[in-house]
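Topology and contacts: notes
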Amino acid sequence: MTKFKDLAYYTSFLIGGYKLFPFNFLPLDNGQYIATNLVGEHLILQRDQLDALVKHKLDSTSTLYNDLKAKHFLYDSASTVAVDLLTLKQRTKLSSLSDFTGLHMFVVSLRCEHSCSYCQVSRANDDASRSEYDMSQAVAEKACKLAFRSPSPHIKIEFQGGEPLLNFERIVHVVEEAERLNVTEHRNLQFVIATNLALITKQHLEFCKAHDVLISTSLDGPEWLHNQNRPRPGGNSYQKTIEGIQLSRTFLGPDRVGALMTTTQACLNYPVQIIDEYIAQGFREIFLRPISPYGFALKTKSFKSYGHQEWLQFYFKGLEYIVQINLDGYRFVEQYAATILTKMLSPYATSYIDLMSPAGIGIGGVLYNYDGKVYASDEGRMLAEMNDDTFLLGNVLTDSYEEIFTSEALLEPLKASYTKSVPMCADCAFEPYCGADPVYHHATQGDYVGNKSSSGFCQRNMSIFKHLVQWMESDSKVKEVLSSWIRH
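The structure reproduced in this document is the subject of the present report. (Residues numbered from 1 in each chain as written. Predicted model: local features only at pLDDT ≥ 70, side-chain atom pairs only at ≥ 80, totals over all residues. Heavy atoms only, no water.)

**A closer look at the overall build of the protein**
Across its full length, the protein holds 20 helices and 18 strands. Rg of the C-alpha trace for the protein: 24 Å, near the compact-globule value of 23 Å for 488 residues, within the 12% margin. Projecting the C-alpha coordinates of the protein onto the three principal axes gives extents of approximately 80 × 55 × 40 Å. Within the protein, buried positions represent 55% of all 488 residues. Long-range pairs, those at least 24 residues apart, make up 70% of the contacts in the protein between residues at least 6 apart in sequence. Carbon and sulfur atoms provide 51% of the accessible area of the protein, an area that totals close to 21700 Å². Here the protein carries 46 positive and 55 negative side-chain charges, and the mean point of each set is 3 Å from the other. (Helix = DSSP H or I, 4+ residues; strand = E, 2+ residues; numbered from the N terminus. Rg over C-alpha atoms; globule rule 2.2 N^0.38 Å. Buried < 20%, exposed > 50% of the residue type's maximum accessible area, 1.4 Å probe, protein only. Contact = heavy atoms within 4.5 Å. Areas by Shrake-Rupley, 256 points an atom, 1.4 Å probe, with all protein chains shown as cover. Lys, Arg positive; Asp, Glu negative; His and termini not counted. Charge placed at Lys NZ, Arg CZ, Asp CG, Glu CD.)

**Overview of the sheet that holds strand E16 (residues 365-368)**
Here 9 strands make up an open sheet; going across it, the order is E14-E12-E11-E10-E9-E6-E16-E17-E18 and the pairing mixed. Two strands lie at the open edges of the sheet, namely strand E14 (288-290) and strand E18 (392-395), each paired on one side alone. Ignoring strand direction, the axes of neighbouring strands in this sheet form an average angle of 25°. Taken together, the 3 bridges between strand E12 (residues 257-263) and E14 define a ladder with parallel strand orientation. Bridge assignment links Thr-263 to a residue of E14, and that residue is Pro-290. Here helix H6 (residues 137-147) sits on the sheet in contact with strand E6 (103-107), strand E9 (154-160) and E16, set at roughly 175° to E6. (Pairing = 2+ DSSP bridges. Axes fitted to C-alpha atoms, helices over the stretch in contact; angles between N-to-C directions.)

**Structural notes on the nonpolar core**
Within the largest apolar cluster, 119 residues are counted, with the highest numbers of intra-cluster contacts made by Phe-159 and Trp-485. Other than its neighbours up to four places away in sequence, Phe-159 contacts Phe-106, Val-108, Pro-164, Ile-171, Val-174, Val-175, Phe-191, Val-192, Ile-193 and Ala-194. Counting residues in each nonpolar core, the second largest holds 15 residues, with Tyr-33, Leu-50, Ala-52 and Leu-68 among its members. (Core = buried A, V, L, I, M, F, W, Y, C linked by side-chain atoms within 4.5 Å.)

**Description of a nonpolar patch on the surface**
Taken together, the side chains of Val-81, Leu-85 and Leu-88 define a hydrophobic patch exposed on the protein surface, amounting to about 250 Å² of accessible area. Relative to the helices and strands, Leu-88 is located in helix H4 (residues 82-93). Residue classification places Leu-88 among the partly exposed residues on the basis of a relative accessible area of 44%. (Patch = residues over 30% accessible without salt bridge, like charges linked within 9 Å, V, L, I, M, F, W, Y side chains within 5 Å. Salt bridge = Lys/Arg side-chain N within 4 Å of Asp/Glu carboxyl O.)

**What to know about the packing of H6 against helix H7 (residues 168-185)**
The N-to-C vectors of H6 and H7 enclose an angle of 35°; their axes lie 10 Å apart at closest approach. Handedness of the H6/H7 crossing: right-handed. Along its contact with H6, which presents Gln-137, Ala-140, Glu-141, Cys-144 and Lys-145, the element H7 presents Arg-170, His-173, Val-174, Glu-177, Ala-178 and Leu-181. When grouped by side-chain class, the residues that make up the contact of H6 with H7 number 5 nonpolar, 2 polar and 4 charged. (Left-handed = near helix turned anticlockwise from the far one by under 90°. Nonpolar A, V, L, I, M, F, W, Y, C, P; charged D, E, K, R; others polar.)

**Describing the sheet that holds strand E3 (residues 33-37)**
In a beta sheet, neighbouring strands pair by backbone hydrogen bonds and run either parallel or antiparallel. Ordered by their spatial adjacency, 3 strands build an open sheet running E2-E3-E4, and the pairing between neighbours is antiparallel. With one partner strand each, in any of the chains shown, strand E2 (23-27) and strand E4 (42-45) form the two edges of the open sheet. In this sheet, neighbouring strand axes are inclined to one another by 20° on average, regardless of whether the strands run parallel or antiparallel. Sheet strands touched by helix H19 (residues 456-474): E2, E3 and E4. Its angle to E2, the strand with the most contacts, is close to 85°.

**Structural notes on the pairing of E4**
Judged by which residues are buried, E4 turns out to be covered on both faces: His-42 and Ile-44 on one side and Leu-43 and Leu-45 on the other are all buried. With 4 bridges connecting them, E3 and E4 associate as antiparallel partners. Across the sheet, Thr-36 pairs through a bridge with His-42, a residue of E4. Between E3 and the antiparallel strand that follows it, E4, lie 4 residues; Gly-40 among them carries a positive phi value of about 95°.

**So, the packing of aromatic side chains**
Considering all chains together, one arrives at 23 aromatic pairs under this definition. Ring centres 6.0 Å apart and planes at 65° place the aromatic pair Phe-287 and Tyr-352 in the edge-to-face group. One end of the pair, Phe-287, is in the loop between strand E13 (285-286) and E14; the other, Tyr-352, is in the loop between helix H14 (335-345) and E16, with 65 residues separating them in the sequence. By relative accessible area, Tyr-352 is classed as partly exposed at 25%. Taking the centre distance of 6.1 Å and the plane angle of 75° together, the rings of Tyr-433 and Phe-465 count as edge-to-face. (Phe/Tyr/Trp six-rings, centres within 6.5 Å; stacked < 30°, edge-to-face > 60°.)

**A short note on the side chain of Glu-334**
Along the chain, the position of Glu-334 falls in strand E15 (residues 333-334). A polar side-chain atom of Glu-334 sits 2.6 Å from a polar atom in the side chain of Tyr-315. Engagement of the side chain of Glu-334 in a polar contact is seen with the backbone nitrogen of Ala-337, the distance being 2.7 Å. Contact partners of Glu-334, with chain neighbours within four places excluded, come to Ile-286, Phe-287, Leu-288, Tyr-315, Leu-319, Ile-322 and Trp-485. (Polar contact = N/O pair within 3.5 Å; in protein donor to acceptor, adjacent residues only side chain to side chain.)

**Observations concerning the environment of Pro-22**
Assignment of secondary structure puts Pro-22 in the loop between strand E1 (19-20) and E2. In the structure, Pro-22 is positioned 438 residues away from Arg-460 in sequence and 26 Å away in space, judged by C-alpha atoms. When sequence neighbours within four positions are dropped, the list of residues in contact with Pro-22 reads Asn-37 and Leu-38.

**Looking at helix H13 (residues 308-327)**
Taking 1.5 Å of rise per residue, 20 residues should cover 28 Å, and H13 covers 28 Å from first to last C-alpha, within 8% of that figure. Buried within H13 we find Trp-311, Leu-312, Phe-314, Tyr-315, Phe-316, Gly-318, Leu-319, Ile-322, Val-323, Ile-325 and Asn-326. Directly beyond the C-terminal end of H13, a positive phi value near 110° is found at Gly-329. (Expected span 1.5 Å × (residues − 1).)

Functional significance is not addressed by these values, which are geometric in nature.
As structure tokens, this is what we get:
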């Protein structure tokens, strides 16, 4: 008895037939099916076409056969390099993993003068003790050295809070220390300050200009809505933000200031007004993001103030309005859709941590807290503020780079988050475009993987993926607009 069959048995399919590459499929709302291969290339099929494909009954002279062959759903005797090409595409998709951690977040102060109810961080008042809530020089220097231990050719240092401008001297110190280290490291170095802009001064901006520091702020919409979402003493949060944006642009240029919004319950009926505010303030993009289940957002019950279906209605109404703005001749991008479309329509992955597989925690971004503790992500730090240290990796003052980045607190969720082996993700047609987000699922379900059928993360993303695919399939002009948002 022989252990293997003759070679002819394994090659017979190549004679007048074809063999299938692994792929997944999913029904769409219009009776069609989307099929995706290992690297996210996709085709829309009718049911009879799908049946013919899997039963090896496709006509090899048909356009559909050639399309499926070109996109690596099948190969035949003429496809001598098919496996190598698919391997190369998969390697390209995963190439960023070898760079390791590129984003390094420094929480230089937990103090803040705003009191936003949806804030994901358990902040301290701005008059609280600096020694208790501000990052020390010793912590900053240790964190900076750890950041440069990453093999990534791109190092982005993002200063967070609280309000980081309340400890601006530490920002100055980290920037100068990083630039000193980079004299010999030769990394592509970038700095960002995430600030509410209420405290920004010309002196701050002179430093930012001299050291090429970007500004990121929060803008939740028109004045009444922004002030309601982001209260501060004096009730002038919107005024301070707009003045800060204008002043920052004067010093740094119009493309060096970005803004983010957070969807509260008060926002749900006003996507058009929010988008109009961004356009009125000269922005060319917006991120229509939901509230996350962390920090004060849970304590104040802001996270549970609306369901994912309500947010999806808000999102799709806003997205439709944005596409129409583009069709009318003004380029304006919705950032989350742009991230998904890049994964969907290009050979490249993205650096957006929530949609990485394995998860982007630790290997995509890492956070150094004001007290020296290192967390796998900003969200991991937020959970710690709620007395959950699941994603605490170590401390810059006591632990080495190797100890921090090989800790079980990082390795276990990473192992659990590779979507090609996660239950209900592995056989999903949208798996190539998605991520596992173990922090979200731990926070909401107490498990790194979670039950996908009841996961808000899964349900939101599935709806968006399906909506984008069907929209592009049904309207070539919409497809042209959405395709133009791909990030290279």
